[in-house]
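Architecture at a glance
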Amino acid sequence: MKNTFDLNKSPLIVVWETTQACDIACLDYGDWVRPDPDLLELSTQEAERMIDEVAEMQPPIFMMTGADPLKRDDIYDLVRYASLRHLRPILALPATPRLNRDAVADLKQAGLSRLVLNLDGSSAELHDLICGVNGSFTRAMDAVQWVGQWDLPYQITTHYSQRNLHDLENLASLLKTMRIPQWNVIFPVPLSAAQLEEMPSAEQFEAAFARLYVLAQKVPFKIKTSEAPHYRRFVIQQRAMARAAGVEQPQFSEGIPGIFPVQEDRGTMFISHTGEVCPSALLPVSAGNVRVQRLMEIYRSSQVFTLLRDARNLTGKCAECEFKQVCGGSRARAYAMNADMFREDPACVYRPLASAGVRNKFPGTLPEESIAIEEP
């Protein structure tokens, strides 16, 4: 990433949902999952044309996801096509029986840049309980062995929730035994009543930030958060307070943990399996469809994306917050819980200084040392 990266011209991250087909129902996709591919999902030819348009925008990160991308017969060809277009494709895969040693070898040969695996618990009992699939933990650990044999880079994601909030340190210890460059902790956006009941409180979000910040100083890999832009605010506050107290700053392996050069909600583009274009998978507000519009036109000119890129459209305490340019709150969570993507993030405990009648004492931009992260 460069300091001159222009979010108005190109997204930081493009995510393509390759399919909603999967042989195993899991909690991530819930009722959406189906055993057979949707007849309306992008064809091989349409997918290649979409990849051409992604390459034209040159986003730093191109990720392919889906219920189980390996259900697409053409997935290896599409990974190869994206690689040939210099997109350095990343693929997120669930631990299904389709993920085996041969699949890893084929992905490596197709030019996959990185594989993303999921671990939601440090034990088989906890992980399988959270994801809802017996044997998932064992298959994920098998996949770790296979990617190591084929020297395919990989990273781990974890979905933070009420069920595993006690397990962060145990997970970090497990991940220290693996050769990963990054651990991505995804904070929840409730899309159903059941998910809302299991949603951690704003105080629990803040407590998790403190624990991740401490862990980031002890582990050999980077720790990144998703759907938790207020972790950016937390990190800035911690470092500012340490400087004010004359305390030596924590040293990290690469940059500041969890920090992208830009706020992700303002620089992410999600393309569904049917070509609908949204700000993210968790913010299902359509800005257009790749079948009828060019991706660059949708990203640069659609009302959805242009409004999201302007922090002046925020309301509530997010509008008053001195960190709104570097945080801005999760727009997906605001939409899920308030039906308004510009409302304040209900999972943030911070009270803006302006509303408290206190002069701003923190910088409005990230320190230069944070401009160092290139991966998702």
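Residues numbered from 1 in each chain as written. Predicted model: local features only at pLDDT ≥ 70, side-chain atom pairs only at ≥ 80, totals over all residues. Heavy atoms only, no water.

Within this structure, the stated rule accounts for four cavities of 30 Å³ or more. Lining the largest cavity are 14 residues, with Cys318, Cys321, Cys327, Gly329 and Cys348 sitting closest to its centre. Those elements giving two or more residues to the lining of the largest cavity turn out to be α9 (230–244) and α12 (317–320). Split into classes, the residues belonging to the lining of the largest cavity amount to seven nonpolar, three polar and four charged. The space that makes up the second largest cavity amounts to roughly 70 Å³. Considering the residues around the second largest cavity, the lining is formed by 13 residues, among which Arg266, Leu308, Leu314, Gly328 and Arg331 are closest to the centre. Its residues placed into classes, the lining of the second largest cavity shows six nonpolar, three polar and four charged. (1 Å grid on protein atoms, 1.4 Å probe; cavity = no way out; pocket = protein on both sides within 12 Å on 5 of 7 lines; lining within 4 Å. Points joined across faces, edges and corners; volume = space filled by probe spheres on them. Helix = DSSP H or I, 4+ residues; strand = E, 2+ residues; numbered from the N terminus. Nonpolar A, V, L, I, M, F, W, Y, C, P; charged D, E, K, R; others polar.)

Under the criterion given, the structure shown has twelve aromatic pairs. With centroids separated by 6.1 Å and ring planes inclined at 55 degrees, the aromatic side chains of Phe209 and Phe234 adopt a geometry described as tilted. Of this pair, Phe209 sits in helix α8 (residues 202–216) while Phe234 sits in helix α9, and the two are 25 residues apart along the sequence. Residue classification places Phe234 among the buried positions, given a relative accessible area of 7%. Taken together, the ring pairs connect Tyr160, Phe187, Phe205, Phe209, Tyr213, Tyr231 and Phe234 into an aromatic cluster. Seen from the ring of Tyr299, Arg309 lies directly overhead, with NZ or CZ sitting 4.5 Å from the centre. (Phe/Tyr/Trp six-rings, centres within 6.5 Å; stacked < 30°, edge-to-face > 60°. Buried < 20%, exposed > 50% of the residue type's maximum accessible area, 1.4 Å probe, protein only. Lys NZ or Arg CZ within 6 Å of the ring centre and 35° of its normal.)

The backbone phi angle of Asp151 is positive, close to 55 degrees, even though this residue is not glycine. Its place among the elements puts Asp151 in the loop between α5 (136–149) and β5 (154–159). Judged by its relative accessible area of 54%, Asp151 falls in the exposed class. Phi angles above zero are rare outside glycine, and Glu227 is one such case at about 55 degrees. Tracing the backbone through its elements, the reader meets Glu227 in the loop between β7 (222–226) and α9.

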